[in-house]
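Descriptive analysis of the structure
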Amino acid sequence: MMPDLSENLSNEERTWEEMMLIKAMPVSMSQKKELKAKLQSADTFRLQGLKQFKWQRRKMWEQFKIKWKENYSKLELWKYSLKKIEGNFGTGVVAFFLFVKWLMFLNLTITLMIMSFIFLPAIVMEVPELGPCLPGNVTTIVECCAEEYIKNRSISIASLLDFVQGTGWMENTYLFFGMYPSMVFRGSFQYNLALAYISTAVGYFLLSFVAILKSAAHGFKERLIEGEGQFYHYCNMVFAGWDFCIHNQQSASIKHKALYHEIKASLEAERREEEKRNRSKEERIKLVMVRTVVNLTVLLILILAGIVIYVTFQISANTQRTGGIQTFIVEFAPSMCIVSLNLVVPVVFNYLVTFEHYSPIFVIRFTLFRTILLRLSSLSVLFASIHVLIKCKVQQDECVSPECQTPPCWESYVGQQLYKLLILDHFSNIMVTLFVNFPRMLIGKHIRCRLARWLGNQEFDLPKHVLDVVYCQTLCWFGSFYAPLLPAIATVLFLSTFYIKKFACLVNCSPSTTIYRASRSNSMFMSVLLISFTVAVIPWAYTVAETTPSKSCGPFKGMATVWSVMEHTFSNLPGWIRSLADFCTTAGFAIPAFVILTLCLYYYYAVAAANKHMVVVLKKQLVLEGHDKQFLLNRLSAFIKQQQERHKAVRSIEPTN
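Quick summary incoming for the structure in this document. Predicted model, so just to flag it, every value in this text is computed and none were measured.

The rules behind these values
Residues numbered from 1 in each chain as written. Predicted model: local features only at pLDDT ≥ 70, side-chain atom pairs only at ≥ 80, totals over all residues. Heavy atoms only, no water. Helix = DSSP H or I, 4+ residues; strand = E, 2+ residues; numbered from the N terminus. Buried < 20%, exposed > 50% of the residue type's maximum accessible area, 1.4 Å probe, protein only. Contact = heavy atoms within 4.5 Å. Areas by Shrake-Rupley, 256 points an atom, 1.4 Å probe, with all protein chains shown as cover. Axes fitted to C-alpha atoms, helices over the stretch in contact; angles between N-to-C directions. Parallel < 35°, antiparallel > 145°, perpendicular 65-115°, else oblique. Nonpolar A, V, L, I, M, F, W, Y, C, P; charged D, E, K, R; others polar. Disulfide = S-S within 2.5 Å. Pairing = 2+ DSSP bridges. Salt bridge = Lys/Arg side-chain N within 4 Å of Asp/Glu carboxyl O. Patch = residues over 30% accessible without salt bridge, like charges linked within 9 Å, V, L, I, M, F, W, Y side chains within 5 Å.

So, on to the overall build of the protein chain. Looking only at helices and strands, the protein chain has 21 helices and two strands in total. A burial count over the protein chain gives 37% of its 657 residues as buried. Look at the contacts in the protein chain between residues 6 or more apart in sequence, and 75% of them connect residues 24 or more apart. In the structure as shown, the protein chain presents an accessible area of about 39100 Å², 66% of it carried by carbon and sulfur atoms.

Right under this line is the structure:
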């Protein structure tokens, strides 16, 4: 037999194991308390000095975590709704609603950052007055442009059209970029709002990136754990999947449905793998040809969608505004075109993917990939069209470029375009859910005919709903720089989205025939979100680094680029800090840093390999211990049988004597 590894455990680790064993023992609470008291009294003799202090600190920390989890579970948002969705649709669908909740709290955090460092200083502190505008003086052209922009801004009464478009009185609010000055003060204290503006933007982009990576790593870890336990998957679900804290019939029914859908998902995945292995060579060739034709069709649709969006934006930008309903239609033409394509084209993609015969997880991935290409390419075309509008260099004595017909405050114009897209996209989701899919469900439920059943049959299409929230978050990320309060609006919209999607899930839809698994869904959601984050950050970074800000509005008016604020701030830092930063960009720092990072990477790789080898060794040890137990049980059974036979022989001999 292999040596017992428990002999190598320290006293502290052994004490911890004993406490865990007491918790798991099937005895009453009073007996558990007595055993714990005896064990703790024994620990005072076993642990002394620093070890005893560490043990007490560890015990207090574990008790604090247990109490925190208990209190948090009582106050957890949407707890009952998530349990109900999980019971009816499985863990994969409830992972989507947890994703919506995660995005809502992410936007709430971004909103708090913007409120603290940009919005509150702008409304609490005083704004310095503009300098005198002297016509013909090149040095005061910024003051002249700002004064002209303030005079030309439309000051109108509150109207619904202005609220929807972000124009009129909405443009004069702190929702948009143009209302923020470069400097505010309170008494003798001056607050550099321009530096806070760009620093906050960099901060919440880094925060979003770290949060995505952390969640993606957690999902990847869940998938690894799922892969490690694949040989005991059904055993774990059947014998260890029940929650014994459930005490009412409704919760038990929900949990029963959740376990049923989980087992069904595993069986469906195994059936698909078996079907894939049994395909003939002719079937594989035919399948490759079909998939090639479908992918070419999808590419053609994406190109046509981009052309339509570009032409619509050019028509909208070049059409003369005359006021009234015509102006409303022209202003909303690009947004309505993008939203319409986002509603129609994914339906075509869902129809085309049925010919490709992928496994359920690949169907989700391909549909997500194609739909996100549509949505992100449409946004890319919109960004490129806006860039064409603002790319022209403005002369030193001019406020705007007459060649490109650039708006006086193009940053607020960009914010208005993204604000309209966000509002219109959410409004279209509400209208489709309540006034299209809900009547379809009623028709299929109450009219008994084949056509009505076909029309009313709806499944919860997870890829479509994921793309809805990811698209909304992409608009929020890119638009937060040009409309600082857009994350606050997105927080409210995600709160509304949860209830809209819940209504669509529980009322309009039936459980999908495609089974979604939670671990794979989480990693898939974060992968799509990371792609969207990249698409939002790259054009923003290019605009900040290369594009000249407006001379008429905003905290960066009169500067060469937005990033020049950071360069100016860096040049005013103490000399030793600038020298240290310059040294960090030299080869003398980069090469040793690269070597150290490589060594650290190799160290963690070696640790991971050693842990993997130890897992194999421990598995073999468990097998050997199982064999030893079986051997001892066989010997014990043989010994008992031998004793029984001897006892029978003795009893058979006794009467003869």
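For the rest of this paragraph, the subject is the packing of helix H4 (residues 79–89) against helix H5 (residues 91–124). Where H4 contacts H5, the two axes come as close as 7 Å, and the packing angle between them is 150 degrees. Overall, the two elements H4 and H5 adopt an arrangement that is roughly antiparallel. Residue-level contacts link Leu82, Ile85, Glu86 and Phe89 of H4 to Thr91, Val93, Val94, Phe97 and Leu98 of H5. Split into classes, the residues belonging to the contact of H4 with H5 amount to seven nonpolar, one polar and one charged.

This paragraph deals with the state of the cysteines. A complete count under the given rule lists one disulfide for this structure. Disulfide partner of Cys409: Cys553, at an S-S distance of 1.8 Å. Measuring handedness by torsion sign, the sulfur bridge of Cys409 and Cys553 sits at about 85 degrees and is right-handed. With Cys409 in the loop between helix H13 (360–390) and helix H14 (410–446) and Cys553 in the loop between helix H18 (518–546) and helix H19 (564–571), this pair connects stretches of sequence that are 144 residues apart. By the burial criterion, Cys409 is buried, and Cys553 matches it. Free cysteine: Cys472, not disulfide-bonded; nearest cysteine sulfur from Cys476 at 6.9 Å.

A separate point is the environment of Pro484. With respect to the helices and strands, the residue Pro484 is situated in the loop between helix H16 (462–479) and helix H17 (486–508). The exposure class of Pro484 is buried, given its relative accessible area of 2%. The spatial distance from the C-alpha of Pro484 to the C-alpha of Met115 is 8.8 Å, given a sequence separation of 369 residues. When near neighbours in sequence (up to four residues on either side) are disregarded, Pro484 contacts Ile114, Tyr174, Leu175, Phe176, Phe177, Tyr180 and Tyr197.

With that out of the way, let us pick up the side chain of Ser428. With respect to the secondary-structure elements, Ser428 resides in helix H14. Setting aside residues no more than four positions away along its own chain, Ser428 makes contact with Val339 and Leu343.

Another point: the side chain of Ser552. Of note, Ser552 is situated in the loop between H18 and H19. Overall, Ser552 belongs to the buried group, its relative accessible area being 5%. Among all residues touching Ser552, those that are not within four sequence positions of it are Cys145, Ala146, Tyr149, Cys399, Pro408 and Lys557.

Our focus in this paragraph is the pairing of strand E2 (residues 189–192). Sheet topology places strand E1 (residues 183–186) next to E2; four bridges connect them, and they run antiparallel. Paired with Val184 across the bridge in E2 is Tyr191. Counted between consecutive antiparallel strands, the loop separating E1 from E2 contains two residues, among which Gly187 sits at a positive phi close to 70 degrees.

What follows covers the pattern of salt bridges. Counted by the stated rule, this structure contains two salt bridges. Note that Asp468 is salt-bridged to Lys464, the shortest N-O span being 3.2 Å. In this pair, Asp468 and Lys464 are both assigned in helix H16, four residues apart and thus about one turn of the helix distant. Residue class for Asp468 comes out buried when judged on its relative accessible area of 3%. Shared partners join several salt bridges into a network, and the residues in it are Lys464, Asp468 and Lys501.

Taken together, Leu299, Leu300, Ile303, Leu304, Ile307, Tyr310, Val311 and Ile315 make up a surface patch of nonpolar side chains, about 750 Å² in accessible area. Tracing the backbone shows Tyr310 in helix H11 (residues 281–318).

Spatial relationships are all this shows, so hold off on functional conclusions.
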